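Observations on the three-dimensional arrangement
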Amino acid sequence: MVESPEQQHPKKAFGWAARDSSGVLSPFKFSRRETGKNDVRFKVLYCGICHTDLHMIKNEWGNSTYPLLPGHEIVGVVTEVGTKVEKFKVGDHVGVGYMAGSCQSCDSCSTNAANYCPKMIATSGDQYHDGTPTYGGYSDIMVANEHFVVRIPDSLPLDGAAPLLCAGVTTYSPLRYFGLDKPGMHVGVVGVGGLGHVALKFAKAMGLKVTMISTSPKKKEEAIENLGADSFLVSHDEGQMQGAVGTMDGIIDTVSAVHPLLPLVGLLKSNGKLVLLGVPDKPLELPVFPLLMGRKIIAGSVIGGMKETQEMIDFAAKHNITANIEVISIDYVNTAMKRLVKADVKYRLTFCIRNVQGKVSFWTFFVIPTTPPLLHIIGLEGFWVLFLY
Amino acid sequence: MAISPEEHPQKAFGWAARDSSGILSPFRFSRRENADDDVTIKVLYCGVCHSDLHFAKNDWGFTNYPVVPGHEIVGVVTKTGNNVDKFKVGDRVGVGVIVGSCMKCETCQQDLENYCPRTIFTYNSHYHDQTKTYGGYSDIIVVHHRYVLRFPDNLAPDAGAPLLCAGITVYSPMKYYGMTEPGKHLGVAGLGGLGHIAVKIGKAFGLKVTVISSSPAKEDEATRRLGADSFLLLSDPAKLKGAMGTMDYIIDTVSAVHALAPLIGLLKLNGKLVTVGLPNKPLELPIFPLVLGRKLVGGSDIGGVKETQEMLDFCAKHNITSDIELIHMDYINTAMERLAKSDVRYRFVIDVASSLTQ
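Just so it is clear, the model here is predicted, and its values are computed rather than measured.

Moving on: the sheet that holds strand E14 (residues 268-276) of chain A. The 12 strands are arranged E12(A)-E11(A)-E10(A)-E13(A)-E14(A)-E16(A)-E16(B)-E14(B)-E13(B)-E10(B)-E11(B)-E12(B) in an open sheet whose pairing can be described as mixed. Looking at strand neighbours, the two that pair on one side only are strand E12 (231-234) of chain A together with strand E12 (230-233) of chain B, the edges of this open sheet. On average, each strand axis in the sheet is tilted by 20° relative to the strand beside it, whichever way the strands run. Most of the contacts of helix H4 (residues 166-176) of chain B go to strand E13 (residues 247-252) of chain B, to which it runs at about 150°, and overall it touches E14 of chain A together with strand E10 (185-189), E13 and strand E14 (267-275) of chain B.

Turning our eyes to something else, we now look at the interface of chain B and chain A. The interface of chain B with chain A comprises 34 residues on the first partner and 33 residues on the second. Both faces considered, chain B and chain A share a buried interface measuring about 3000 Å² in area, 70% of it formed by carbon and sulfur atoms. Taken together, the links from chain B to chain A amount to 0 salt bridges. For the interface between chain B and chain A, the tally reads 5 residue pairs in polar contact (both at pLDDT 80 or more). Where the side of chain B that touches chain A is concerned, the elements lending two or more residues are H4, E14, strand E15 (283-285), helix H9 (288-292) and strand E16 (296-299) of chain B. Considering only residue class, the side of chain B that touches chain A consists of 21 nonpolar, 9 polar and 4 charged. Pairing of strand E15 (residues 284-286) of chain A with E15 of chain B, which is carried by 3 bridges, proceeds in the antiparallel orientation. Bridge pairing in E15 of chain B links Leu-284 of chain A to Leu-285 of chain B.

Quite often, the size of an interface is put as the accessible area lost when its parts meet. Residues and elements named next belong to chain B. When its domains are assigned, chain B resolves into domain 1 (10-164 + 323-351) and domain 2 (166-299). Contacts between domain 1 and domain 2 engage 9 residues on the former and 13 residues on the latter. Note on domain 1 versus domain 2: buried area summed over both sides is about 1100 Å², and carbon and sulfur give 47% of it. Together, Leu-163, Asp-323 and Tyr-346 form the three largest contributors to the area buried by domain 1 at its contact with domain 2, with a combined 51%.

The UniProt record marks residues 22-350 of chain B with the feature "domain: Enoyl reductase (ER)" (unreviewed entry), using the residue numbering of this structure. With 26% helix and 27% strand, residues 22-350 of chain B has its two end C-alpha atoms placed 17 Å apart.

So, on to the pairing of strand E10 (residues 186-190) of chain A. All names here are of chain A. Most of E10 is tucked away, with 5 of its 5 residues classed as buried. Neither face of E10 is exposed, since His-186, Gly-188 and Val-190 on one face and Val-187 and Val-189 on the opposite face are all buried. Alignment of E10 against strand E11 (residues 209-214), held across 5 bridges, turns out to be parallel. Within the sheet, the bridge partner assigned to Val-187 lies in E11 and is Val-210. At this point the chain moves from E10, through helix H5 (residues 194-205), to the parallel E11, and the crossover so formed is right-handed. One ladder, built from 4 bridges, connects E10 with strand E13 (residues 248-253); its direction is parallel. Each bridged residue has a counterpart across the sheet, and for Val-189 the counterpart in E13 is Ile-252.

Residues and elements named next belong to chain B. All told, the structure shown has 29 salt bridges over all chains when counted by the stated rule. Between Lys-175 and Glu-310 there is a salt bridge whose closest N-O contact spans 2.7 Å. Of this pair, Lys-175 sits in helix H4 while Glu-310 sits in helix H10 (residues 305-317); the two residues are 135 residues apart in sequence, bridging distant segments of the chain. Assessed through its relative accessible area of 37%, Lys-175 is described here as partly exposed. Accessibility expressed as a relative area gives 35% for Glu-310, which makes it partly exposed. For Arg-224, the salt bridge goes to Asp-220, with nearest N and O atoms at 3.0 Å. Taken together, the residues span about one helical turn, with Arg-224 and Asp-220 both in helix H6 (residues 218-225) at a distance of 4 residues. Exposure remark for Asp-220: the relative accessible area of 43% places this residue in the partly exposed category. Among the ionic contacts, a cluster of salt bridges with common partners joins Lys-200, Glu-221, Arg-225, Asp-323 and Arg-345.

Now for H4 of chain B. Residue and element names in this part refer to chain B. Of all 11 residues in H4, 9 are buried, a share of seventy percent or more. The set of residues buried in H4 consists of Ala-166, Gly-167, Ile-168, Thr-169, Val-170, Tyr-171, Ser-172, Pro-173 and Met-174. One or two positions beyond H4, positive phi appears at Gly-178, with a value near 70°.

Turning next to the pairing of strand E5 (residues 93-96) of chain A. Residues and elements named next belong to chain A. Relative to E5, strand E4 (residues 74-81) runs antiparallel, the two sharing 4 bridges. Residue Val-77 lies in a different strand from E5, and its bridge partner there is His-93. Pairing of E5 with strand E9 (residues 149-151), which is carried by 3 bridges, proceeds in the antiparallel orientation. When the bridges of E9 are listed, Gly-95 appears paired with Val-150.

To continue, consider the domain arrangement of chain A. All names here are of chain A. Assigned domains of chain A: these are domain 1 (11-166 + 304-352) and domain 2 (168-300). A separation of 27 Å is found between the C-alpha centroids of domain 1 and domain 2. Contact residues are listed per partner, giving 16 residues for domain 1 and 13 residues for domain 2. For the domain 1 and domain 2 pair, buried surface summed over both sides reaches about 1300 Å², with 60% attributable to carbon and sulfur atoms. Across the contact surface, domain 1 and domain 2 share 1 salt bridge. We note a salt bridge from Glu-311 to Arg-176, for which the minimum N-O separation is 3.8 Å. Our enumeration of links across domain 1 and domain 2 arrives at 11 residue pairs in polar contact (both at pLDDT 80 or more).

Between Tyr-66 of chain A and Pro-67 of chain A the backbone carries a cis peptide bond, its omega angle lying at 0°. A cis geometry characterises the amide bond from Tyr-65 of chain B onward to Pro-66 of chain B, with omega recorded as -5°. As for its placement among the helices and strands, Pro-66 of chain B is situated in the loop between helix H1 (50-56) and strand E4 (73-80). Residue Gln-104 of chain A is not a glycine yet carries a positive backbone phi of 65°.

Here the focus is the environment of Lys-218 of chain A. Structurally, Lys-218 of chain A is set in the loop between E11 and helix H6 (220-226). As a C-alpha pair, Lys-218 of chain A and Val-234 of chain A span 16 residues in sequence and 9.5 Å in three-dimensional space.

On to the side chain of Thr-52 of chain A, then. Residue and element names in this part refer to chain A. Mapped onto the secondary structure, Thr-52 falls in helix H1 (residues 51-57). For Thr-52, a relative accessible area of 17% translates into the label buried. The residues contacting Thr-52, other than those within four sequence positions of it, are Trp-61, His-72 and Tyr-98.

On to the nonpolar core. Ranked by internal contacts, the top residues of the largest apolar core, which has 199 residues, are Phe-202 and Ile-298 of chain A together with Tyr-137, Ile-201, Leu-285 and Ile-332 of chain B. Here the element with the most residues in this core is strand E3 (residues 38-48) of chain B; it accounts for 7 residues.

The rules we used
- Residues numbered from 1 in each chain as written.
- Chains lettered and ligands numbered in written order.
- Predicted model: local features only at pLDDT ≥ 70, side-chain atom pairs only at ≥ 80, totals over all residues.
- Heavy atoms only, no water.
- Pairing = 2+ DSSP bridges.
- Helix = DSSP H or I, 4+ residues; strand = E, 2+ residues; numbered from the N terminus.
- Axes fitted to C-alpha atoms, helices over the stretch in contact; angles between N-to-C directions.
- Contact = heavy atoms within 4.5 Å.
- Buried area = accessible area lost by both parts, 1.4 Å probe.
- Salt bridge = Lys/Arg side-chain N within 4 Å of Asp/Glu carboxyl O.
- Polar contact = N/O pair within 3.5 Å; in protein donor to acceptor, adjacent residues only side chain to side chain.
- Nonpolar A, V, L, I, M, F, W, Y, C, P; charged D, E, K, R; others polar.
- Domains from an automatic or database assignment.
- UniProt positions renumbered as here; feature names shortened; annotations may be inferred.
- Buried < 20%, exposed > 50% of the residue type's maximum accessible area, 1.4 Å probe, protein only.
- Right-handed = clockwise from strand over helix to strand, strands pointing away.
- Core = buried A, V, L, I, M, F, W, Y, C linked by side-chain atoms within 4.5 Å.

So, in structure tokens, the structure goes:
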């Protein structure tokens, strides 16, 4: 007989989950495992909303199982550690990202690239080693194997740090891996949204010249005046794009809708690298001639390993990098998701207090828009923060 | 006013295509006087590259007729200019795809003349003096010494000629993209002029080599004659599935439009697919497997002069030459027809010295 979510584990837990592919989230009682000897248990303080959460709750990739409790940009404070845990103690600020587990023995795992492990277990919507579903961070507590937990330095504000657990490492990892991190290099970032603006901050901190590339001319002032981009290109403005041909060492492309690669390949210098982070639902056209004639590369990348996630958090702390965030309330989340889908979201939402389980709590939600329709709606401050107290 | 092909002081003779029928026929033209930096070469052999066919038929739309193709040239030095130290009369030399570049830009400074924005190609280009360049389907050629290669004595000049283009085209990306670690697994897609040399060079680097093809007839060739470790037939779904995620790198030599998805699937994590063929339309690039496996698709185009010399010396050390069919000049049109049908194992080479007669 299948156990109910509340009965699966010994410790009560509470969160918001989607029950079916309508994607509507609602209060959900479930349970978490005991703190195992390698586990870290923490009270969730903030959780980010990644666009992946939206894809998953609506089963857009066809692999969702319900009830589905999303959230993989989770920060909080440690309440208990297992007997073999040495890296963390009660009271530490910690975070958990996309990964909750992996095989720990394959080539990827042994080279700090568990994000590429074929048996990687996602923090939400997946199945843990014991066969039970993984429930994410839209909840009050989390238990995670210490290998998949990062320490958040005290100097880094927790609310702005939460999106770094996904958006941060997703953009930091390829800058390092593809060598697009040498001072003086020129990097383009396509998409001025959640991933894009974090990529910009990291790149500037690495000493790069950064050009933001967007479909929306309205973002220019924000990008340059507020975010510190060196320049801005409107991607459908042929004159602007032509003027920038052959000027970039690399491009980080955060756009997940189908879009032309040819103009981006043209922006690269010889030996330049175009790294795709967004995953469109159809193949893109690969222009072969310009790739050959300039010995250029098109590559992909997804999140990052735990070692580089910690490295990224420490780098962010050193350079005071957090995501630009807004705060909303949990009971607004379904409206927020609907507006996200329709690209009809205003980025300034009110903070409110809500009773949860008889205690006064307030929740803030965190949203990272990654698709073009969302970019000009949410604007650069397109982050809503889910704050769980 | 069009400049006559006979504008230069030295008479020359070759075969040229006059229009997009691509049919080649005898053609009188001229070569410049041998200047201080130049080397004059009597052409012995010239390989027939698939690009020659594309240019002859104006497949890429920018052929400037009449065109004398040929950029896999092996010959003998007959004259050297006053500034030339590296070569002397009687030396055996090679000329590849490039006969000039700006020599000042960043890529030229890095010995990557092939990526210079002002590369001058051996044929169908304009030289510094604005005159047309004509290729190796001809009796003599005059080349700036920087772009002339020393042809190793122990390499057969006929079978070695295709190295000047096919050889460097696969050697350069194998070095640049790090496909040289002994024991790693290289896939070679397409078994033709480029592919068969990639197999030989791959084996010389100590790699495990799998030939990937849609033609079952090539299995025997690939494994028994060329020494590939295995053969993968793309149209065999079970074999394809079994090979998923097993290759560190793939050199894709296929120049027709073809599916990239299966090739990307064959790569391991961090795998590299390098394309050296030039299809005449964009290909479809599936993004999911690229992102989820941190894989990359890269391009590469011939190589610089310095690395072409390095490649020739490497091939001399490992006794690598092309498998060729030696032909006479007047067979060239038939050869081109056969090349269009991939009916050659694996490169035609023209015996220019013996068969090019006026």
